[in-house]
Amino acid sequence: AQSVTQLGSHVSVSEGALVLLRCNYSSSVPPYLFWYVQYPNQGLQLLLKYTSAATLVKGINGFEAEFKKSETSFHLTKPSAHMSDAAEYFCAVSGDQFYFGTGTSLTVIP
Amino acid sequence: DGGITQSPKYLFRKEGQNVTLSCEQNLNHDAMYWYRQDPGQGLRLIYYSQIVNDFQKGDIAEGYSVSREKKESFPLTVTSAQKNPTAFYLCASSPWRSTDTQYFGPGTRLTVL
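Residues numbered from 1 in each chain as written. Chains lettered and ligands numbered in written order. Predicted model: local features only at pLDDT ≥ 70, side-chain atom pairs only at ≥ 80, totals over all residues. Heavy atoms only, no water.

### Concerning the overall build of chain B
Okay, step 1: The secondary structure content of chain B amounts to zero helices and 11 strands.
Okay, step 2: Helices and strands in chain B line up, N terminus first, as β-β-β-β-β-β-β-β-β-β-β.
Okay, step 3: Here the C-alpha radius of gyration of chain B, 13 Å, is about what a compact globule of 113 residues would show, namely 13 Å.
Okay, step 4: With the C-alpha coordinates aligned to their principal axes, the bounding extent of chain B is approximately 35 × 30 × 25 Å.
Okay, step 5: Counting only carbon and sulfur atoms, one obtains 48% of the accessible surface of chain B, whose full area is about 5500 Å². (Helix = DSSP H or I, 4+ residues; strand = E, 2+ residues; numbered from the N terminus. Rg over C-alpha atoms; globule rule 2.2 N^0.38 Å. Areas by Shrake-Rupley, 256 points an atom, 1.4 Å probe, with all protein chains shown as cover.)

### Overview of the pairing of strand β11 (residues 104–109) of chain A
Across a regular strand the side chains alternate sides, sitting on one face of the sheet and then on the other.
All names here are of chain A.
Okay, step 1: Pairing between strand β2 (residues 10–14) and β11: five bridges, direction parallel. The residue bridging S12 from the neighbouring strand is T107, located in β11.
Okay, step 2: When strand β9 (residues 87–94) meets β11, the two strands line up antiparallel, connected through three bridges. Bridge pairing links E88 to S105 in β11. (Pairing = 2+ DSSP bridges.)

### Some remarks on unusual backbone geometry
Note on backbone geometry: most residues besides glycine have negative phi, and most peptide bonds are trans.
Okay, step 1: The peptide bond linking B:S7 to B:P8 adopts the cis configuration, its omega dihedral lying at -10°.
Okay, step 2: Inspection of the secondary structure puts B:P8 in the loop between β1 (4–7) and β2 (10–13).
Okay, step 3: Within the chain, A:N41 stands out as a residue other than glycine whose phi angle is a positive 60°.
Okay, step 4: Along the chain, A:N41 falls in the loop between β4 (32–38) and β5 (44–50).
Okay, step 5: Overall, the relative accessible area of 34% leaves A:N41 in the partly exposed class. (Buried < 20%, exposed > 50% of the residue type's maximum accessible area, 1.4 Å probe, protein only.)

### What to know about the state of the cysteines
All names here are of chain B.
Okay, step 1: This structure, assessed with the given rule, holds two disulfides over all chains.
Okay, step 2: Linked covalently through their sulfurs, C23 and C91 form a disulfide whose S-S length is 1.8 Å. A torsion of -75° about the S-S bond marks the disulfide between C23 and C91 as left-handed. In this pair, C23 sits in strand β3 (residues 19–25) while C91 sits in strand β9 (residues 87–94), placing the two residues 68 residues apart along the sequence.
Okay, step 3: Looking at C91, the relative accessible area reads 0%, which means it is buried. (Disulfide = S-S within 2.5 Å.)

### Some details on the nonpolar core
All names here are of chain A.
Okay, step 1: Ranked by internal contacts, the top residues of the largest apolar core, which has 26 residues, are W35, F74, L76 and Y89.
Okay, step 2: Secondary-structure elements contributing two or more residues to this core are β2, β3 (19–26), β4, β5, β7 (64–68), β8 (73–78), β9 and β11.
Okay, step 3: Once you skip the residues sitting within four places of it in the chain, Y89 turns out to touch Q6, L21, W35, Y36, V37, L47, F63, L76, G103, T104 and L106. (Core = buried A, V, L, I, M, F, W, Y, C linked by side-chain atoms within 4.5 Å. Contact = heavy atoms within 4.5 Å.)

### Comments concerning the interface of chain A and chain B
Often, the extent of an interface is quoted as the loss of accessible area upon association of its parts.
Okay, step 1: Each partner contributes residues to the interface: chain A has 19 residues there, and chain B has 20 residues.
Okay, step 2: Buried surface at the junction of chain A and chain B, summed over both partners, amounts to about 1500 Å²; 52% is from carbon and sulfur atoms.
Okay, step 3: At the junction of chain A with chain B, the criterion picks out zero salt bridges.
Okay, step 4: There are six residue pairs in polar contact (both at pLDDT 80 or more) connecting chain A and chain B.
Okay, step 5: Counting only elements with at least two residues in the side of chain A that touches chain B, the list comes to β4, β5, β9 and β10 (98–100) of chain A.
Okay, step 6: Of all the elements, β4(A) adds the most residues to the side of chain A that touches chain B, at four residues.
Okay, step 7: Grouping the amino acids of the side of chain A that touches chain B by side-chain chemistry returns eight nonpolar, nine polar and two charged. (Buried area = accessible area lost by both parts, 1.4 Å probe. Salt bridge = Lys/Arg side-chain N within 4 Å of Asp/Glu carboxyl O. Polar contact = N/O pair within 3.5 Å; in protein donor to acceptor, adjacent residues only side chain to side chain. Nonpolar A, V, L, I, M, F, W, Y, C, P; charged D, E, K, R; others polar.)

### Quick word on the sheet that holds strand β1 (residues 3–7) of chain A
Residue and element names in this part refer to chain A.
Okay, step 1: Strands sit in the order β1-β3-β8-β7-β6 across an open sheet of five strands; the sheet is antiparallel. Where the open sheet ends on each side, the last strands, each with one partner, are β1 and β6 (56–58). Across the sheet, the mean angle separating the axes of adjacent strands is 20° when strand polarity is ignored.
Okay, step 2: Here three bridges tie β6 to β7, and the two strands are oriented antiparallel to one another. Across the sheet, the residue bridging to L56 is E66, located in β7. (Axes fitted to C-alpha atoms, helices over the stretch in contact; angles between N-to-C directions.)

Remember that the coordinates give geometry; whether it matters functionally is a separate question.
What follows is the structure, given as structure tokens:
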């Protein structure tokens, strides 16, 4: 079975600061890993996807994530936060079905 | 443009009434999913379908029903047996396998009055 754990349900950063959202996974097989973003009252939008082709995955809006097998982690980063990055972020792992984390709400302080 | 549509955006229901949420996709995807989202609880899988005329219960199927008569459509009925139906409902689709990326519709917010 697979599962994901997102550390920190709320994260606040200043505009221009580094964004780091943490995700750890559990999987008995090589996983597919995803990050999604959700703006208020909207559906989820795919940010990026790891499929074993490369450990560093670049996504949309300047986000990227690094797959670290030894740490079973897939943390999401962005070098410089923008006000428009304020949203809910979900990590997910796929196997027999999709498993979503409980989400991290990102606040960007002007 | 290809995508997933959900209607209505907002829905109000009186207690004891059944209500059906629409989900349509023109991506030619085989698999479709329904999730429920409550604050602080992430997404919980209600039902999913990998092929027309077949569907499986997810983690919280009680009080819900679905049908998959056409590849493009996967409507969800929230029945009166669902004791706490107020939530945000999300429909998704993926090309085929469970490892495939899921693409989401804009969601329907259901409120029970």
